[in-house]
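# Structural overview
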Amino acid sequence: MQIKAQFLDDEFCGNKEILNLDIRKKPWKGANRFLYQYLEKINYSEQVDSVRYRVPLKFWIYQSNDGTIGVADSTIKRLMNELNYYQEKNKTGFRYYISSIERINKSKRLKLGYFIEAPWQTIIHKEKGCINVYLTQTIKKRVWGDKYIVRGTFNTLTDAVIVQYNTSSTGLSHEIGHYFGLLHPHRNYNKGKSKQESVSRTRTFNRLFKKGLICEKNGDGLADTPAEPKLSHLVDNNCNFIGNSLKDRWGDNYQSQTNNIMSYPTHYRCRKVFTEGQKAVMLYSASQNKFASSWTTSLAQNSVYKFDKYEPDNSFESASELKLNETQTHSFHKLFTAENSDAVYDHEDFLYFTVENAKEKTVNINLTTNSSLKIPLTVQLFSQNRNLLKSKNIENKSSLNFNIKTNNKNTYFILIKNENNIVNQAYSYQISAVLK
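Calculation rules
- Residues numbered from 1 in each chain as written.
- Predicted model: local features only at pLDDT ≥ 70, side-chain atom pairs only at ≥ 80, totals over all residues.
- Heavy atoms only, no water.
- Helix = DSSP H or I, 4+ residues; strand = E, 2+ residues; numbered from the N terminus.
- Rg over C-alpha atoms; globule rule 2.2 N^0.38 Å.
- Buried < 20%, exposed > 50% of the residue type's maximum accessible area, 1.4 Å probe, protein only.
- Contact = heavy atoms within 4.5 Å.
- Pairing = 2+ DSSP bridges.
- Right-handed = clockwise from strand over helix to strand, strands pointing away.
- Salt bridge = Lys/Arg side-chain N within 4 Å of Asp/Glu carboxyl O.
- Axes fitted to C-alpha atoms, helices over the stretch in contact; angles between N-to-C directions.
- Parallel < 35°, antiparallel > 145°, perpendicular 65-115°, else oblique.
- Left-handed = near helix turned anticlockwise from the far one by under 90°.
- Expected span 1.5 Å × (residues − 1).
- Disulfide = S-S within 2.5 Å.

### Observations concerning the overall build of the chain
The secondary structure content of the chain amounts to 8 helices and 17 strands. Compactness check: the chain gives a C-alpha radius of gyration of 24 Å against a globular reference of 22 Å for 436 residues, within 12% of the reference. Across its three principal axes, the chain shows a C-alpha extent of roughly 80 × 45 × 40 Å. Across the 436 residues of the chain, 53% fall into the buried class. For the chain, the share of sequence-separated contacts (at least 6 apart) that also reach a separation of at least 24 residues comes to 74%.

Structure (structure tokens):
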């Protein structure tokens, strides 16, 4: 059967179910109680959004030779905002930030071959201490003559996340879920009884050398993700499961959910949640990562990596909106590197605000910093066309006042720059733009 290019519209995660061997090593396989005991051990609560790991991402962006085909900083900001939105919404205990962005101007890499080219690129372009994310225009996959277009995948051998420019809002969350040990809920849905997950949560193996609950060993190995077939064509426009007539190998009708971030529903806007078991897998996997001691928030020395919710915002294209009369808290923080360099810091924040029909009024930009730290900052105001209007050097507290006169809608940019470029702790400031 030929799989046509409609997958450009559907999204297809290319992560291979070769993880059959890998899952045998997991301590929760056949014993999900391990996961809930672990959550109890770390005092996890689904009622509290407690950030336990701040994980850096390194973006590698493949562009055309002249740089005209690629993705802008605004696209990276959207991906990061969506990624952290689903972490916060599901109280996973994770937050992600950008360690750096590197652009590779090679037109021939705009189409990466899945089996050889993509893995090789993740070997020659790689940074330690972070999750490496590769963005390209197309990921091509050919299996026995059939052609696939893959929007995203996780390479289990190089621990690399590869996604197309047009990945869905949950695409990056899905692939990073694989990085932290999650499998597809439909894993082995088309196999026999020895591998397929049963619909029943109480059905057990009755073989001589295979015991225990089927739902804790087959499929994704998690009892709290219902058994499901591949949902690619089994979800209606209202995110309802329409495959109820389908049966598993034991004759039970599927009663699948359609909102799991690790699933393949027809409409990827349906994906919204991680289950408690899935969150436990990710948290436990993070605790076993060799960089866990540098990512965990439980150690005081890692407070230098604390970033604010408005990031990334280090360019005009990725500027964050500052609504008039609203006070926001931003920060400058250290960027994690495997070498633990003392010279790598986030030191610029770009913001913008919009004024409509101001006629003749004054805008005050008020900025207050940590009272205990005296770090020189430069605050600059730019026009909508990015022309410099005003600049001021400050240390702890300051305000910029300027008159505006317009009958139209105008946008202004603010740049706050840490001139030292080095701090020994996360350095925060409060800023507001007040129209008078």
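Further notes follow.
### Points about the pairing of strand E2 (residues 94-105)
Two elements, strand E1 (residues 53-63) and E2, share 11 bridges in a ladder whose sense is parallel. Its bridge partner lying in E2, Lys58 is registered against Ser100. For the handedness criterion, the β-α-β arrangement of E1, helix H4 (residues 73-90) and E2 is classed as right-handed.

### Let's talk about the pattern of salt bridges
A complete count under the given rule lists 11 salt bridges for this structure. Residues Lys58 and Glu102 are paired through a salt bridge, measuring 3.2 Å at the closest nitrogen-oxygen approach. Residue Lys58 is located in strand E1, and its partner Glu102 is located in strand E2; the two are separated by 44 residues in the primary sequence. Classification of Glu102 by relative accessible area gives partly exposed; the value is 36%. When the shortest N-O distance is used, the salt bridge between Arg103 and Asp73 registers 2.7 Å. Placement of Arg103 in strand E2 and of Asp73 in helix H4 is noted, with a sequence separation of 30 residues between them.

### A short note on the packing of helix H3 (residues 33-41) against helix H7 (residues 276-288)
Packing of H3 against H7 brings their axes to within 9 Å, and their N-to-C directions diverge by 70°. By the angle between their axes, H3 is roughly perpendicular relative to H7. By crossing handedness, the relation of H3 to H7 is classed as left-handed. Contacts between H3 and H7 involve Phe34, Leu35, Tyr36, Tyr38 and Leu39 from the former and Glu276, Gly277, Ala280, Val281, Leu283, Tyr284 and Ser287 from the latter.

### A look at H7
When the terminal C-alpha atoms of H7 are compared, their 19 Å separation across 13 residues agrees well with the 18 Å that a helix rising 1.5 Å per residue should span. For H7, a buried count of 10 out of 13 residues is recorded, marking the element as mostly surrounded by other parts of the structure. Buried within H7 are the following residues: Gly277, Gln278, Lys279, Ala280, Val281, Met282, Leu283, Tyr284, Ser285 and Ala286. Its buried side turned inward, H7 meets H3, E1, H4, E2, helix H6 (171-179) and helix H8 (292-295).

### Digging into the state of the cysteines
Within this structure, the stated rule accounts for 1 disulfide. A sulfur-sulfur separation of 2.1 Å characterises the disulfide bridge that pairs Cys239 with Cys270. An S-S torsion of about -85° defines the bridge between Cys239 and Cys270 as left-handed. One end of the pair, Cys239, is in the loop between H6 and H7; the other, Cys270, is in the loop between H6 and H7, and 31 residues separate them in sequence. We classify Cys270 as buried; its relative accessible area is 3%.

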